[in-house]
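# Commentary on secondary and tertiary structure
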Amino acid sequence: MSESTQTGINKFVGNLIGIKDSFLGSFLRSRSLLSDRSKAAVMVNNFFLHVQGAKTHINTLRPTYTFGMGLISLYLFFFAVISGVLLMIYYSPSLENAYDSVKDITNVVFGGNLIRNIHKWAGEGMIVFVMFHMARVFFTSSYKKGREFNWVVGIVLLVLTFILNFSGYLLPWDQLAYWAMVIGANIAGSPAEITDILGITKYFDFGGLQKELFLGGTVPGKATLPRVHFFHVMFLPIILVIFLGVHFWRVRKDGGLTKPDEFGPAPVDEKFLALPEKKGGIFPTNKTYGLMELAHGKTPAVDKDIENTVLSWPNLVWAEFAVLMLTFAGVFVYSMYINAPLKELANPLIPENPAKAPWYFLGLQELVSYSAFMGGIALPTLALIGLGLIPYLDREPQHVGLWFSNKQGKSVALQSFIVAIAALVGLLAFVVNFGWLRTWFTDIPQVAIILVNPGTLWVGFVMAWSLFIIKKTDSTRMGAIALFTMFLVSFVILTYVGTELRGPNWDFYWSKSQWPVH
């Protein structure tokens, strides 16, 4: 039946039946997805997809190259934002109501406990997967060939992820939150160690200024929680989104993800990729142009695909959708069975023993136990500067896009891994059994404790090992692999010690069953 002879009802029914295809076409700005041209147009013309290119290199789509770590981090951020917006409906950021509002969310609001769990675990999952993503980028040399600045942007995003999680950890205003806030405030005030030694604290108390900016006073009080809440729900997310935008923009402008200089598609690639139907790629076989003039020099490539690439639609889009579903399933299932902690209402008169920061800062707290300033500010700052300088100190152009660069890189990573474990465990065992300078010399000047402690010795050892590898291999890349491997080992071991092996009074215990009973 032709359209002119159809009744109004028939037209309506036909439109109703085709509403899915019609809506999808309007959303994608393409009425047909049958040709390569239309599939490319989907990526170019759609607001949500145009940040990605019309074509994607096959290496990018190989699961074992990226493992989807960056995507998972992004999706976890989305889940944290969505769940956080829902929590804001019920949460009250005041000293009098914060704890009760969190209890209501957990025990009274329908689905509130699940939403809170998703928010908690998605946020902390970001830390884990951002670290994994950073490790993937480093070990595949993906900070080179014009991507140096984007590595620095990634370091900023890592720091923002840690701070954003910490600010959220403080909002329930329970014992965990209060004493973590006290620890954070003491670290913020630790530059007073230096100004006291120099005798300038009464003129320039930088530590006290930092502490007061953080707390809104000298101790946690009524001004503290609204301040932390503002940073958590407004200031930090805005800054993070800005840097995320810069990060993704640079990925696109820098040519997408890295790939090996010598690359060839493998038979396994055809199992999960929809290869272009025409050799001409997104260009039609029947050309619609004519010869205008003859000119010297190179002409635009016509009917020629970019080597080893496939159309982003559907290859990249469906891969990203699969990662999204897997990430959501993981967060949802984990949140169904593991509840976010909530202890008693904050009480300044009853200190937690041990008073601990959230797990992702317990490695720092281990260092802080030796010197608040060095462990909490100086050494972390030095570590971040060192990480940020890696692309500018390692400029070797070879082996970009290859895990560990070559066999030598794998060997250096393994050696550094073993040496880091042996040396750091040995250092911690020595400190636990024999103490340190303050134990041996009670009147030792504080400046000696600041400059010579297990944290500074370990950082010095890591730097010396990295320089040794550079000299041994004549390669700055190998020195960077040694440095970064030892950084990761340090983070894991110090976090484990602070989480599992430190008990009351920050003493060492093999298990919590050995803790003294009060």
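Moving on, we get to the overall build of the protein chain. From N to C terminus, the protein chain includes 21 helices and 2 strands. A buried classification covers 44% of the 518 residues belonging to the protein chain. Contacts spanning at least 24 positions in sequence make up 78% of the contacts within the protein chain whose residues lie at least 6 apart. Surface accessibility of the protein chain: about 28600 Å² in total, with carbon and sulfur atoms responsible for 68%.

On to helix 7 (residues 98–107). Turn by turn, an α-helix covers 3.6 residues, leaving residues three or four places apart pointing in a common direction. Within helix 7, burial applies to Ala98, Tyr99, Ser101, Val102, Ile105 and Thr106. Mapping the buried residues of helix 7 onto a view down its axis gives an arc of 165°, with all of them on the same face. Buried residues along helix 7 sit against helix 6 (69–88), helix 8 (112–139) and helix 13 (224–253).

With that settled, consider the pattern of salt bridges. Inspection of the entire model under this criterion finds 6 salt bridges. Between Lys144 and Asp394 there is a salt bridge, and its shortest N-O distance comes to 3.2 Å. Taken together, the residues span a long stretch of sequence, with Lys144 in the loop between helix 8 and helix 9 (148–169) and Asp394 in the loop between helix 16 (372–393) and helix 17 (407–434) at a distance of 250 residues. Among the salt bridges present, the one from Glu352 reaches Lys343, with a minimum N-O distance of 3.0 Å.

What follows is about unusual backbone geometry. Along the chain, Trp313 connects to Pro314 via a cis peptide bond; the corresponding omega equals 10°. In this structure, Pro314 sits in helix 14 (residues 312–337). Geometrically, the link from Asn353 to Pro354 is a cis peptide bond, its omega value of 10° lying close to zero. Of note, Pro354 is situated in the loop between helix 14 and helix 15 (362–368). Positive phi is not limited to glycine here, since Trp173 has a value of about 55°. With respect to the helices, strands and loops of the structure, Trp173 is situated in the loop between helix 9 and helix 10 (175–188). Notably, Asn505 is not glycine yet its phi reads approximately 60°, a positive angle. Look at Asn505 and you get exposed, because its relative accessible area is 58%.

Turning to a nonpolar patch on the surface, a few remarks are in order. A cluster of nonpolar side chains, Ile197, Leu198, Ile200, Tyr203, Phe204, Phe206, Leu209, Leu213, Val447, Leu451, Val452 and Leu457, forms an exposed patch at the surface whose accessible area comes to about 1100 Å². Only helix 11 (192–198), helix 12 (206–215) and helix 19 (446–451) provide two or more residues apiece to the nonpolar patch. Examining the composition of the nonpolar patch, we find that 3 residues originate from one element, helix 12, more than from any other. In this fold, Leu451 is placed in helix 19.

Before going further, it helps to spend a moment on the confidence of the model for the protein chain. Counting all residues, the mean pLDDT for the protein chain is 87, and 90% of those residues have values of 70 or more. Long-range and interchain partners of residues 280–292, a stretch whose pLDDT sits below 50, account for 18 contacts in this model, where long-range means more than four residues apart. The low-confidence segment residues 297–305 (pLDDT under 50) makes 14 contacts with residues lying over four places distant or belonging to another chain.

This brings us to helix 8. The terminal C-alpha atoms of helix 8, which comprises 28 residues, lie 40 Å apart, in line with the 40 Å expected from a rise of 1.5 Å per residue. Most of helix 8 is tucked away, with 20 of its 28 residues classed as buried. One or two positions beyond helix 8, positive phi appears at Ser141, with a value near 55°.

Thresholds, definitions, all that
Residues numbered from 1 in each chain as written. Predicted model: local features only at pLDDT ≥ 70, side-chain atom pairs only at ≥ 80, totals over all residues. Heavy atoms only, no water. Helix = DSSP H or I, 4+ residues; strand = E, 2+ residues; numbered from the N terminus. Buried < 20%, exposed > 50% of the residue type's maximum accessible area, 1.4 Å probe, protein only. Contact = heavy atoms within 4.5 Å. Areas by Shrake-Rupley, 256 points an atom, 1.4 Å probe, with all protein chains shown as cover. Arc of directions from axis to C-beta. Salt bridge = Lys/Arg side-chain N within 4 Å of Asp/Glu carboxyl O. Patch = residues over 30% accessible without salt bridge, like charges linked within 9 Å, V, L, I, M, F, W, Y side chains within 5 Å. pLDDT = per-residue confidence, 0-100. Expected span 1.5 Å × (residues − 1).

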